[in-house]
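Here is how the chains run, residue by residue.
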Amino acid sequence: MADFENERDYRQEIEESVVQERAFRTGSRRMSRKKLCGLCREKVDIIDFKDVRMLQAFAPERGKIMPRRISSNCAIHQRMLAEAIKRARNIALLPYVTD
Amino acid sequence: MADKRIYEIVVIIDPKSTEEETTTLTDNLKQIIETQGGSIVKSDDMGLRRMAYEINHRNEGRYWFFEIEGTGGEIAELERRMRVNEAIIRYMTIRVDLDRRRAAKLQEKRTRRSTTRSSNSSRSNDMPFKADDDANEMEEAA
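These remarks concern the structure in this document. (Residues numbered from 1 in each chain as written. Chains lettered and ligands numbered in written order. Predicted model: local features only at pLDDT ≥ 70, side-chain atom pairs only at ≥ 80, totals over all residues. Heavy atoms only, no water.)

## A short note on helix 1 (residues 19-35) of chain B
Residues and elements named next belong to chain B.
Okay, so step 1: For helix 1, with 17 residues, the first-to-last C-alpha span of 24 Å sits near the 24 Å given by 1.5 Å per residue.
Okay, so step 2: Along helix 1, the residues that are buried comprise Thr22, Leu25, Thr26, Leu29, Ile32 and Ile33. Projected onto a plane normal to the axis of helix 1, the buried residues spread over an arc of 115° and lie on a single side. Opposite the buried face of helix 1, by more than 90 degrees, sit the exposed residues Glu19, Glu20, Thr24 and Thr35.
Okay, so step 3: Just past helix 1, the residue Gly37 takes up positive phi, approximately 100°. (Helix = DSSP H or I, 4+ residues; strand = E, 2+ residues; numbered from the N terminus. Expected span 1.5 Å × (residues − 1). Buried < 20%, exposed > 50% of the residue type's maximum accessible area, 1.4 Å probe, protein only. Arc of directions from axis to C-beta.)

What follows is the structure in structure tokens.
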């Protein structure tokens, strides 16, 4: 079912963006701030709640939704993502709690 | 009311029911939808999956996915039937046409922007970045 043809390594991307952010903060002055939201860059318009792997990248280990300050998503995508994760939880594709 | 609504439905069926039972069950659901005036765009067996948490003392479930076009009336009937059915562990209905419309809009916006950008390239659009760079350089020189 769920098509993983254009599967991307979101974890990797998140890490990269974190590094970018840090570089920006500690700040050599020449560093220009890039557009940070990985989902914007990938031009994601719809986040499917059935795409478990993609959602898992944003809800690691404990299954908590990754906050925006870490994932550096834009508000629009963070909202879409949160919605999708919550839907996935409802039908037991993702956990509510992990212990 | 004129516009059609599109729904996505995920149903989790008890893995203990036999192959035959699940097929009759899904056929039954499809029939309900059609008699209520909806049409099935897509129906898909997602197979037996491990659930993220236990529901009704089951750790696995057979997932079925439907995409339905209709007015909303058939959803009410369908959910009523699913609620009383013992073999259905869980179901979820989501309206997707609004999200899709928004996605189409975003995409359109993007294509429009990219075409305008290419038509008058290296003009006002790039200015802010340019200005920024220059400012940085000046600061450094000072």
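From this point, the discussion proceeds with the structure in view.
## Some points on the interface of chain B and chain A
Accessible area lost during the coming together of the parts is what is often quoted as the interface size.
Okay, so step 1: Counting residues at the interface gives 27 residues for chain B and 20 residues for chain A.
Okay, so step 2: Between chain B and chain A, the buried area comes to about 2,300 Å², and carbon and sulfur atoms account for 59% of it.
Okay, so step 3: The largest per-residue losses of area from chain B upon contact with chain A belong to Tyr53(B), Met92(B) and Arg110(B), which jointly make up 22% of the total buried on that side.
Okay, so step 4: Applying the counting criterion to the chain B and chain A interface returns 3 salt bridges.
Okay, so step 5: Note that Lys50(A) and Glu8(B) form a salt bridge whose closest N and O atoms lie 3.3 Å from each other.
Okay, so step 6: For the pair chain B and chain A, the number of links is 8 residue pairs in polar contact (both at pLDDT 80 or more).
Okay, so step 7: Among the secondary structure elements, those contributing two or more residues to the side of chain B that touches chain A are strand 1 (5-13), strand 2 (39-55), strand 3 (58-70), strand 4 (88-95), helix 3 (97-119) and helix 4 (127-141) of chain B.
Okay, so step 8: Ranked by residue count, the leading element in the side of chain B that touches chain A is strand 2 of chain B, at 8 residues.
Okay, so step 9: Of the residues that constitute the side of chain B that touches chain A, the class distribution is 13 nonpolar, 2 polar and 12 charged. (Contact = heavy atoms within 4.5 Å. Buried area = accessible area lost by both parts, 1.4 Å probe. Salt bridge = Lys/Arg side-chain N within 4 Å of Asp/Glu carboxyl O. Polar contact = N/O pair within 3.5 Å; in protein donor to acceptor, adjacent residues only side chain to side chain. Nonpolar A, V, L, I, M, F, W, Y, C, P; charged D, E, K, R; others polar.)

## Notes on the environment of Arg62(A)
Residue and element names in this part refer to chain A.
Okay, so step 1: Within the secondary structure, Arg62 sits in the loop between helix 3 (52-57) and helix 4 (68-71).
Okay, so step 2: The exposed category is assigned to Arg62, whose relative accessible area is 53%.
Okay, so step 3: C-alpha separation for the pair Arg62 and Ala88, spaced 26 residues apart in sequence, amounts to 15 Å.
Okay, so step 4: Leave out the neighbours within four places in its chain, and Arg62 touches Thr98 and Asp99.

## Some words on the sheet that holds strand 2 of chain B
Okay, so step 1: Taken in spatial order, the 4 strands of this open sheet run 2-3-1-4 (chain B), and their pairing is antiparallel. Edge strands, defined here as strands with exactly one partner in the open sheet, are strand 2 and strand 4 of chain B. Neighbour to neighbour, the strand axes of the sheet diverge by 20° on average, direction disregarded.
Okay, so step 2: Each of strand 2 and strand 4 of chain B touches helix 5 (residues 75-90) of chain A; the most contacted strand, strand 4 of chain B, lies at about 155° to it.
Okay, so step 3: Relative to strand 4 of chain B, helix 2 (residues 73-84) of chain B is tilted by about 165°, and along the sheet it contacts strand 1, strand 3 and strand 4 of chain B. (Pairing = 2+ DSSP bridges. Axes fitted to C-alpha atoms, helices over the stretch in contact; angles between N-to-C directions.)

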